[in-house]
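What follows is each chain in one-letter form.
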Amino acid sequence: MSGHSYQGKKNIPKITSDRLLVKGGRIVNDDQSFYADIYMEDGVIKQIGDNLIVPGGIKTVEANGKMVIPGGIDIHTHFQMPYRGTTTVDDFSQGSKAALAGGTTMIVDHVIPEPGNSLIEAFEQWRSWADEKTCCDYSLHVDITHWNDSVKQEVDTLLKEKGVNSFQVYMAYKDFYQMSNSELYEIFTFLGEMGGIVQVHAENGEIIAEEQARMLEMGITGPEGHVLSRPEELEAEAVFRAITIASQTNCPLYVTRVMSKSAADIISQARKKGNVVFGEPITASLGTDGTHYWSKNWAKAASFVTSPPLSPDPTTPDYLNTLLASGDLNVTGSAHCTFSVAQKAIGKDDFTQIPEGVNGVEERMSLIWDKAVTTGKMDENMFVAVTSTNAAKILNLYPRKGRVSVGSDADLVIWDSDAVRTITAKTHNSAAEFNVFEGMELRGAPSVVICQGKLVLEDGNLHAIPGVGRFIPCTPFPDFAYKRIKARKQLAVLRAVPRGMYDGPVSDFSPMSRGGTPSASARTSPTKQPVRNLHHSAFSLAGNPAQRGPPTTEDLPIRPAGRRIVVPPGGRSNITSLS
Amino acid sequence: FAIRKQLPAFFKNMGSGSPMPRQKFCGMFCPVEGSGDSKTLDFQSLPGGSRRSDGQVIDRQTDISQPRVEIRESRGKAALQNLDDRSDRLLIKGAKIVNDDQSFCADIYMEDGQIKQIGENLIVPGGVKIIDAHGRMVMPGGIDVHTRFQMPDRGMTSVDDFYQGTRAALAGGTTMIIDHVVPEPGASLLSAFEQWREWADSKSCCDYSLHVDITEWHKGVQEEMEALVKDHGVNSFLVYLAYKDVFQLTDSQVYEVFSVIRDLGAIAQVHAENGDIVAEEQRRILEQGITGPEGHVLSRPEEVEAEAVNRSVTVANQTNCPLYITKVMSKSAADVIAQARKKGTVVYGEPITASLGTDGSHYWSKNWAKAAAFITSPPLSPDPTTPDYLSSLLSCGDLQVTGSAHCTFSTAQRAVGKDDFTLIPEGTNGTEERMSLIWDKCVVTGKMDENQFVAVTSTNAAKIFNLYPRKGRIAVGSDADLVLWDPDVIKIISAKSHNSNVEYNIFEGVEVRGAPLVVISQGKMVLEEGNLHTTEGCGRFVGRKPFSDYVYKRIRARSRLAELRGVPRGLYDGPVCEVSLTPKTMTPASSAKTSPAKQAAAGAQPVRNLHQSGFSLSGAQVDDNLPRRNTQRIVAPPGGRANITNLG
């Protein structure tokens, strides 16, 4: 436990809260760990080192050799998310409190505009909700739920003026949010040019719709139908497709909610092939599995409903933790989106109607520590990388966030690697009745949380103040993703082969697109041929090079020596009559 | 007959002819060791020479200097009474019979287009034609599972019709082809099928069968598919994931087609390319001013092929439908298939002659007509290691069958797309070269043995499409479609000498070792001494029955296992949140489509619970009249808080 005391004069109470000294901590960044004191003022780290010269009267936190890590960044939350007239039970205040309690000092929420509505309006709406209530810094992703030119304009504005650099598209939710492959291609191309990050919700919505109909026909209406209709192959398929399109359009890709082994495998394979792709496992997929969908307790089973679903394969969490430790998966979010049992019960007779989402913002840091660090899969530096640094880099907020260094924001966590607590809905800070990690004993917890240079968690007491959270704008072209993309862009210029004009015979054909009904009149292309041949009027088609006169060579600057079109190897120039 | 132009081997080798680098492989698959000892001098110690003259077949056999194959009439007393129909009776003596499982020496006697006897010292009627194989390999005739002869495309027709095409096939040792019926979207499957039947019946020189392509999807198509399977001997249907707005089907449609195909016991074939991305890329590349054939391959990168293969594997798994990928053209697509097979998916991959024999570097040829001749979809991969890689996978069994996708257009026809690569008609030649090329790439190099060669060129195809053992095997009762194979003949492929009508041969100048010496189709010799004796229109349509064992044994077992069951739970009777009317994931239009099912399901629930109405409840509550189960603990969640929506 950390002690704290006031040093020197105690006469300037107003300033003390803005000035803070953390003494005797072991600073853990993603690259190294070292012992030093940290002095913060006005929410920014001002000095790091031993024997710092600091003003008197400041509050001091004794870290006693414990680790001081950058505050966690939860890159995926859905606080206060509207859903068919209701709202998730954790609003920005409740949600960010839970985040702080778990050692997360910044959240990135998703703006979900209704299809057809303005992206910017939705963004402003979310801003106003969050500004009013959030207890920690936040940033926003915007989800693209439909696609047309005006949306494109809005995306442009959001990127350039509003501080949003990441946009999510959906490959699931057929007839609602789902984008076609062509739309994905366009969005990816556009964002690749503008320096945005494409996030995908990767599931094949078309097949899901078919499977859902099949399940319901079979009379399966409970939450198990959710996972049965969304097998992990469909997730992997969509990830594969998204990667193909991203690689085609040379756009960095971010796969939200990696829930299954096969999806994670696709990502790690793609990374080995050189694709710029980031995978985000969430607290739930790292900590629990999908066997609970078969729980006899409907409410419990329903509380696990999220998309893509938790995999029923119980080895999944371990596998994902391993990939996270090896760097194949890069960032972690919580996808915290909590509904009460009454809200989940909207789908009591039809699993497709159950609102989707699980908790996890509070448990994220502890869970990863327990699953990955105490088991020896990753070290504390990697822990910092996957819980905050990588996220900061992708959002282009590094080193302001995600690092303990001079000039960085004073968002710190003193981590107690030995604390053990049991997760339960009784004590958690979320408003949800169920916790998907119920009963799990986790080692490692924050003992002190400093957010914006203020102590928000100490001695187990949370002092979060709604409304202090600032919107942190993200800028486009994050180096972490775009350095490689830019280099590839320079290489990817395509060039045509310089050839002479083909001037041999051309078959008649009906000028439909391929496979069009030939019943349409067999119009030839009368326009092209004569016009073309005017230029070559002095030219003999007989294939005798000797007849080639000087005027022709002037007319045709490019005529490769290899042109032997009119004398094909078979010696037969036109044998359509045989067919 | 091989005496023609032949010198004794030792004379040939006296000259300066330098040994070919592949010389070391010579003899590996020569006739069984010692089979010629008693008849001939042993010249094995002499290095074989290589000498060619005007592309003719030259004997390079070193261990047998006798005439290699003799064809003669039996001189028995019965000879006279069989003069009229002697061609229907044929005896192959001293052959090494090669099936996909074993090779053995025996004589083969066939009559009326069927193999009647196999064994030694057969008792056969007099007057039969006798082919003395002298220990050479006799294998089942090749089956080319993918041809597109006489294919209409925008008012044009591919230059090889069923006559010319099957002639080329026979010349290469292929005695059966399976062609694709491509109905125009909007046209009837059945009438297109009849049209193809008519074309093929009048012209085909060898047995044939037909795949039918599904180019659109609605209820009527489903009925026609049923009719085709039940009454017309079709058990394979091709769907397109490419050709946006023309043939392409959506994922949902593919799911439905696959479900129908599985119920019918047919095989789902897929042309695997992501048509949406291809369309976008085509537009982009045309915008950049790239209009030549190189644009074709640039707009269809192999990733797009692999993606579509992956997607169709996913859908096939989901629907428990056997899948067959036509035209595997790239390493990554082949890898996806290999991986899927390792995971247990019932999927077959078909590399084609072109992808096994050449690569896509020719799209950058300065000669437009040459570059255009290579246009096919998916395109040949520009990666020059592709053919080698695919032939390795073919050898190890990750890919199973080979086709040619023979679909040839003349240069004038290709020139339709001279200013826009997207208009170039697609297809390459390969039906004639297929067997020789695979022998050369796989057997000569030691990747596969002769049995595996038979498997990939005919047996597997016969098994998948339910023609086995009538086709694809040398056994009593099988069709007399045989090839006497010469593993040592060296041929240079050229458009000058090939049997196709097309001016370009994409394998131009490729030297291949291994060729058919004699081809027997329907019990008749159609190729001997380099001469083709084909009869237009003698090819029969071979109907194929559904539920091929090779494919459906596993599918059946899985469908028995795959039954899903719901969890029996009591009804949830806690508070339910009010919701606005718009459903979460569906527009009203589509929810209308699925709602009957939902209502049926919702209706099923109370019915189920009525059976348990006598059950005692955990506690007396106001809603006691509702049936519940003792496991139900919904109203007391662990958090102890029943309903806190007001916090939201």
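On a predicted model such as this, the values are computed, not experimentally measured, just so you know. (Residues numbered from 1 in each chain as written. Chains lettered and ligands numbered in written order. Predicted model: local features only at pLDDT ≥ 70, side-chain atom pairs only at ≥ 80, totals over all residues. Heavy atoms only, no water.)

This part is about the overall build of chain B. Within chain B, the secondary structure is distributed over 17 helices and 19 strands. Taking contacts inside chain B between residues at least 6 apart in sequence as the whole, the part at least 24 apart equals 77%. On chain B, roughly 23,500 Å² of surface is accessible, and the fraction owed to carbon and sulfur atoms is 52%. (Helix = DSSP H or I, 4+ residues; strand = E, 2+ residues; numbered from the N terminus. Contact = heavy atoms within 4.5 Å. Areas by Shrake-Rupley, 256 points an atom, 1.4 Å probe, with all protein chains shown as cover.)

A low pLDDT means the predicted coordinates there should not be read in detail. Residues and elements named next belong to chain B. Looking at chain B, pLDDT values average 81 and 76% of them are 70 or higher. Note that pLDDT drops below 50 for residues 76-86; the model gives that stretch nine contacts with residues more than four away or on any other chain. Overall, residues 583-648 carries pLDDT values under 50, and its contacts beyond four positions in sequence, including any with other chains, amount to 104 contacts. Two numbers describe this predicted complex: its pTM, 0.79, and its ipTM, 0.78. (pLDDT = per-residue confidence, 0-100.)

A few words on the side chain of Asp 109 of chain A. Residue and element names in this part refer to chain A. Mapped onto the secondary structure, Asp 109 falls in strand E10 (residues 104-111). Although Asp 109 lies buried, it forms no salt bridge, and the closest oppositely charged side chain, Arg 257, sits 11 Å away as judged by the N-O distance. A distance of 2.8 Å separates the side chain of Asp 109 from the backbone nitrogen of Phe 79, its partner in a polar contact. Setting aside chain neighbours within four positions, we find Asp 109 in contact with Thr 77, His 78, Phe 79, Phe 92, Trp 126, Ser 139, Leu 140 and His 141. (Buried < 20%, exposed > 50% of the residue type's maximum accessible area, 1.4 Å probe, protein only. Lys, Arg positive; Asp, Glu negative; His and termini not counted. Salt bridge = Lys/Arg side-chain N within 4 Å of Asp/Glu carboxyl O. Polar contact = N/O pair within 3.5 Å; in protein donor to acceptor, adjacent residues only side chain to side chain.)

Counting across every chain of the model gives 56 salt bridges over all chains. Note that Arg 403 of chain A and Asp 31 of chain A form a salt bridge whose closest N and O atoms lie 3.1 Å from each other. Residue Arg 403 of chain A is located in the loop between helix H15 (380-394) and strand E16 (412-422), and its partner Asp 31 of chain A is located in the loop between strand E2 (19-28) and strand E3 (33-41); the two are separated by 372 residues in the primary sequence. When its relative accessible area of 17% is taken as the criterion, Arg 403 of chain A is described as buried. A relative accessible area of 47% means that Asp 31 of chain A is categorised as partly exposed. Its salt-bridge partner being Arg 300 of chain B, residue Glu 273 of chain B comes within 2.8 Å of it at the nearest N-O pair. Taken together, the positions of Glu 273 of chain B in the loop between strand E13 (267-271) and helix H6 (275-287) and Arg 300 of chain B in the loop between helix H7 (294-299) and helix H8 (302-319) put the pair 27 residues apart, joining distant regions of the chain. A single burial state applies to Glu 273 of chain B and to Arg 300 of chain B, both of which are buried. Linked by salt bridges that have partners in common, Asp 137, Arg 400, Lys 401, Asp 409, Asp 411 and Arg 470 of chain A make up one network.

This part covers the confidence of the model for chain A. Residue and element names in this part refer to chain A. Averaged over every residue, the pLDDT of chain A is 85; the share at 70 or more is 85%. Confidence drops under pLDDT 50 across residues 1-16; counting only partners more than four residues distant or on other chains, this segment forms 31 contacts. A low-confidence stretch, residues 513-579 (pLDDT under 50), is modelled with 117 contacts involving residues beyond four sequence positions or located in other chains.

Residue pairs spaced three or four apart in an α-helix point in one direction, given the helix's 3.6 residues per turn. Residue and element names in this part refer to chain A. The first and last C-alpha atoms of helix H4 (residues 149-161) sit 18 Å apart over 13 residues, in line with the 18 Å expected at 1.5 Å per residue. Every buried residue of H4 is accounted for by Val 151, Glu 154, Val 155, Asp 156, Leu 158 and Leu 159. Buried positions along H4 lie against helix H3 (119-133), strand E11 (137-144), strand E12 (166-170) and helix H5 (181-194). Looking one or two residues past H4, Gly 163 carries a phi angle of roughly 75°, positive in sign. (Expected span 1.5 Å × (residues − 1).)

In this section: H15 of chain A. Residue and element names in this part refer to chain A. Spanning 15 residues, H15 covers 20 Å between terminal C-alpha atoms, matching the ideal 21 Å at 1.5 Å per step. Its axis deflected by about 50° at Val 386, H15 carries its strongest bend there. For H15, the buried fraction is high: 13 of the 15 residues fall into the buried class. Directly after H15, the chain includes Asn 396, whose backbone phi takes a positive value near 65°. (Bend = angle between axes of the 7 residues up to and from the residue.)

So, about the sheet that holds strand E7 (residues 72-77) of chain A. All names here are of chain A. The seven strands lie next to each other as E7-E10-E11-E12-E13-E14-E15, forming an open sheet whose pairing is parallel. Strands at the two margins of the open sheet, each flanked by one partner only, are E7 and strand E15 (277-281). With direction set aside, neighbouring strand axes in the sheet form an average angle of 25°. Here E11 runs beside E12; their pairing, made up of three bridges, is parallel. Residue pairing across strands places Ile 144 opposite Val 169, the latter belonging to E12. Those strands touched by H3 are E10 and E11, and its axis lies near 155° from that of E11. (Pairing = 2+ DSSP bridges. Axes fitted to C-alpha atoms, helices over the stretch in contact; angles between N-to-C directions.)

Turning to the packing of aromatic side chains, a few remarks are in order. Counted by the stated rule, this structure contains 32 aromatic pairs over all chains. Each ring, one from Trp 369 of chain A and one from Trp 415 of chain A, has its centre 5.7 Å from the other, and the planes form 50°; the classification is tilted. Residue Trp 369 of chain A is located in helix H14 (residues 364-373), and its partner Trp 415 of chain A is located in strand E16; the two are separated by 46 residues in the primary sequence. Assigned by exposure class, Trp 369 of chain A and Trp 415 of chain A land together as buried. Note on Phe 149 of chain B and Phe 162 of chain B: the rings are 5.9 Å apart at their centroids and 90° apart in plane angle, and the pair reads as edge-to-face. Of this pair, Phe 149 of chain B sits in the loop between strand E7 (142-147) and strand E8 (152-153) while Phe 162 of chain B sits in helix H2 (residues 162-171), and the two are 13 residues apart along the sequence. Given a relative accessible area of 0%, Phe 162 of chain B falls into the buried group. An aromatic cluster of at least three residues, connected via ring pairs, comprises Phe 79, Phe 92, Phe 123, Tyr 138 and Phe 471 of chain A. Just above the ring of Tyr 319 of chain A sits the side chain of Lys 261 of chain A; from NZ or CZ to the centre is 5.2 Å. (Phe/Tyr/Trp six-rings, centres within 6.5 Å; stacked < 30°, edge-to-face > 60°. Lys NZ or Arg CZ within 6 Å of the ring centre and 35° of its normal.)

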